[in-house]
Every structure is written in C-alpha cells, then in structure tokens.
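Okay, here's what each chain looks like letter by letter:
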Amino acid sequence: MEKRTVQNERLSQTALPEEKPSEATEECRRRILSEDYEDFIFPVDRLDPEMALSRIFCVEQVSDTMSVIHVGKELLPPLSVQFYNYAAIPRLYGLTDVTNMEASGILRARNQPVLSLDGAGVLIGLIDTGIDYENQAFMDPAGKTRILRIWDQTVQTGKLPEGFQYGSEYTKEEIDEAIASSDALSLVPSVDEEGHGTFLASIAAGSDLPEEEFTGAAPGAFIAMVKLKPAKEYLRQYFLIREDAVAYQESDLMMGVRYLMELKERLSMPLVLLLGVGTNWGDHAGNAPLGCMLNSAAKLIGNAVVIAAGNESNRAHHYFGNISAEGGSEYVEIRVPQNENGITMELWAEAPEVYSVQVLSPTGESTGRVVPRLNLNSVFQFTMEKTVIYVDYQLIEQESGSTVVRMRMADPTPGIWTLVVYNEQYTDGRFHIWLPMEGFVEEDTAFLRPNPDTTLTVPSSAEGPITFGADNHRQNSVYIHSGRGYTRTDRIKPDLVAPGVDIYGALPGGRFGTKSGTSVAAAHGAGAAALLLEWGILQGNYRGMRTKDIKSLMIRGAIRSRSASYPNRATGYGALDVFRIFETISL
C-alpha cells in the first residue's frame, strides 16, 4: 500500500498546467479534423523543413522517423500509387472482436506469497474505443480512479495534450472530481460508445470485485486510454468499406503510440502498450509504418508491446497462390453477395516475383490483362454493369521492397468474380491475396478456395511485439477465428495464445458481460506483462527488461500439448501460463 501512496503523490505532481492553444495550433486542429483535408504518413527525412512553416501544410511529428501531414484536398490528385507511395495513405483498422485468469496462471502468480504480484506501479496503455471511467472495475478500494490519463481524440473542448494539436486530455485528478460529482460527463465528457476499450481495460487491469465474481489480470496497475477518433470519410470511401463499419486510421493510431510513450517518460513508469485493432491491408510481414513504430517501442527498456492476432482464420479472406512455372496462371474465384457495395483487396509477392492480373465479372466482362509497371494506376468502367475497377500497381513497395497490387471494386455485380493472376517473372510462384477484414465487407464476401494460414492481421505480424492468438480454455481448443501464422515471410507468429472465448468483463454503463476474440486474449497477455514488469523492474529482479525478454519468459513458461509440435501456426509456442514462468526460472 505504501508503494501506491508514494506513486500517487508523484503522479499528482505531474499534472500539466492548462495552457491556451495558439492560433496556429487551433488552425492545425481544424485541418486534422476537417474532411476538406487529407492525411498522409511521411518520412521525416523527406519532409521539407519549410512545410512546417507553410500555411498549406499542417505537420505532426509521430516519431524520430515519421510524421503526419494534413493537406487541403483542392491541392491534391486522386488517391492512388501513381501519385503517392503505398505507405503514405493511412490504412483503416477495425476492432479485433466481436475461469480465464486461473487457466493462464495469473491468479496463482498473484496469490503466491513471495511473488504477490498485481501490477502495482505499472502503466497499461490502450489505444481503442475509450473507457467507461465511472465503472467500478477501474477504481481502487477507496473509490478513486486508477486511470491516470484519457486522451480523447474525439472531444475538442478540453485541454490539449502537451505537444499535440487535437483532442482533449483528462488527468486522474479531473477524473476523480468527475466521479465524485453529480454530473460526471459535464466535467470529463469522454464516453466509450462501442465498449471494446472498456472491456479490454477490465481484462488487463480490472479491480478485484468479489460481488461480480470478477478480477482483471493486473488489478493494481494504472491505466491510460487513448480514445481514437473515427476515420475520415474520404478514406472510408477510398477503401470502399461498409457504411456501418467501425474504422480508425493508421495516423491516429501512431499518434496514440507517441502519446503513451511520452506519458511513460513523464511518469517514469514501466509501460504495457496494448493494441486490439487490426487490418488486412498491408504486407503481413511487419513493415507498415505502425508496425515499424511498434517495433521501435518494443526495443526500449521498461516497455512491453502486446498485439492481438486478429480473428480472420475462418473468414475465407485469404488466398494463397502457387504457380508452378514462369508464364503460368491461376484463377482465383471470389463470391460477392447482393448487398456488397465495394471491395478493396491486395495481392502481395516477394521480390523478384512479378505478376499481372485480369478481372472477370460474373457477366463475362473483363479488364483485360493489366501489365505491371513501376507505379501504375488503371481504371476500368464496364459497359453492361455499373462496376468500376481500380488497379493500383506498385512494383517495389517502399517499406518492404515487395510487389503489391491493390484492386478496388466499386459497386460489384453480385455473383462469382474471377481474378486471373499471371506470372511474369518466376522464382517460386508464390503470392498472397487478402480481402478486407471482417466488418469491412459483407459476411458472405469470400474466396471460394481460401487458405486459413497467414491470416494474422496487420500489425500483429510485426517482429518486436508479443502477438496473442485466442484459445478456449474451457475446451482446451483454439478459437475458431483466431488468426494463424506464419507471417508472409515465414516469421513465427502468433507467439502465444491466451483465453479469448466467452470471457467475462466490464461494459459501459456499469454493466458486465462476455466477449470473444484475440483482443480479449491480448488483454490477458497485457496484464501478464504488467505482472512481469512489476517483478522485473520495480522489484529489481530484471532491471533491463523489455518486450523481447518478456516474450522469452512467456514462451519458456507456456503450456504445450504433447500431441502437437511447436512452434505451430495456430498457437505459436503454446498457451500463456504466468505461474509456470516462475517455476521455470526456479528450475
């Protein structure tokens, strides 16, 4: 208890003074939020220093190597790889969701008298849908919040976070004041409409609540929440996602990572960074801008980066092709239902493989064979139907060096579409195609001959973070939708699995309920990482601990079935067991 009291005193001293935003900051905030401005991820070394001083550009520094720029639409050509590098256009990310603590060895580690771990002094940071800060799952026994900060990107009436140009930041003191008042939302107007962030935070760091028969993995940990703002409409239209899809853009996720990293430094606390979102757009090898940023975060002492593997293995959204000889071809069939308004799919191949493509409609119309060029954008308007096909071809994608073909089908005619893939330059004939993730397309939009492997969502294929798939701890089986490895470049992922089926947790409005999915499993992993950071750094047993050390400890302690070989595509190195980690160390 003394440790937490000292920590709270230090935290209260770090509250930032309120400052009035400058005129330039307010103008930049307007551009960040406005649908009249488009957002691009830009390498710092390619950014003209005069851009930051120009009235045309609003520039946000994301990291030492990347920035986000916001530019007026009237100055820009249409989105395509003909005019922009593939990685510059922010991808859209969706939510990776829809007893357990004992199965993952967390309760035994917490209850062991010598260990007595509960995550005290560790900060668990989430980038998600927000948090119901009034829920008792996030209060200590005295009724005070364990949430140190909320950065709500959707609210513009509060104090800006230091060094940021949009959203509102709320401190622990402000949250406690709101909880004690008769009208909390008038003081801290941040809510979680989706419930996803509230649920994950409760699994990772929910309080012990005997009356609810509930506990989180690290009930002594502190919490910081970044509530993401919705993706801009121009990106939703570009990627042709469903109108009701919950979607967030990559640039806002990257800003969330920066915020949590800077908060960790200001508070001098170990940080667990938990990400429960994903996408099927990207190289599936860890080279997206967000993945690179997470790799860098994972290398720092006192950090644990934990990511969900996604829920795509049984969705029929991945196709694996293997052409046997140069000049050969393969026919890929896609079922499109009546109510599908658009599909954006990507073909990826490792250099020096080169492919051309042809799209055939259910009525027999064709784009003709699209021959590869360095940066090619082609548009096809069919004569007998309203479908428009856009083919963006990037022979050398800047971040990965691989070939990517992005194909967008607006208003596709219902029926069976055929994509013909032709080999132009042969090494092994392998290629991958991904349809959008669940929620971005209609449920019946699917490949007729899908492959369940290599279905990890981006950025869970990044090398540095700990990637969690989900298992059903009651039935000792893998969750049917849990993303499977390996990465496109055959790196072993997921790293582990944790409970993720029908898990009980907190929901907005003071309620409790169940959810399933790999983000729930990742929340278990985040809480476990908090216990290990407490043991290693705060208790002085492993002061140089970072993500790779925590991953190694988790792998060493994982439960493995005698009937399976490891690592494997479904469960990585096995099932999380925190207590067994310490048993392994003692041996």
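These remarks concern the structure in this document. (Residues numbered from 1 in each chain as written. Predicted model: local features only at pLDDT ≥ 70, side-chain atom pairs only at ≥ 80, totals over all residues. Heavy atoms only, no water.)

In terms of nonpolar packing, the biggest core is built from 72 residues, with I124, V272, L274, F468, I550 and M554 touching the most fellow members. Not counting the four nearest positions on each side in its chain, I124 is found in contact with A204, A205, A218, A221, F222, I223, A224, V272, A526, G527 and A530. (Core = buried A, V, L, I, M, F, W, Y, C linked by side-chain atoms within 4.5 Å. Buried < 20%, exposed > 50% of the residue type's maximum accessible area, 1.4 Å probe, protein only. Contact = heavy atoms within 4.5 Å.)

Moving on: the environment of R408. By the element assignment, R408 lies in strand β19 (residues 403–410). With relative accessibility at 8%, the residue R408 sits in the buried group. Sequence spacing of R408 and V379 is 29 residues, and the spatial spacing of their C-alpha atoms is 9.5 Å. Residues within four places of R408 in sequence aside, it is in contact with L79, Y238, L240, I343, T344, V388, I389 and Y390. Of note is the side chain of R408, whose polar atom sits 3.0 Å from the backbone oxygen of Y238. (Helix = DSSP H or I, 4+ residues; strand = E, 2+ residues; numbered from the N terminus. Polar contact = N/O pair within 3.5 Å; in protein donor to acceptor, adjacent residues only side chain to side chain.)

The next subject is the packing of aromatic side chains. Overall, the coordinates contain 17 aromatic pairs when judged by the stated rule. Ring centres 4.8 Å apart and planes at 20° place the aromatic pair F40 and Y84 in the stacked group. Separated by 44 residues along the polypeptide, F40 in strand β1 (residues 37–43) and Y84 in the loop between β3 (66–72) and β4 (92–95) bring together distant segments of the chain. Of the two residues examined, F40 and Y84, each falls in the buried class. Pairwise contacts between aromatic rings join W151, F164, Y166 and Y259 into one cluster. Just above the ring of F164 sits the side chain of R258; from NZ or CZ to the centre is 4.0 Å. (Phe/Tyr/Trp six-rings, centres within 6.5 Å; stacked < 30°, edge-to-face > 60°. Lys NZ or Arg CZ within 6 Å of the ring centre and 35° of its normal.)

Fair warning: the whole summary comes from geometry, so function is off the table for now.
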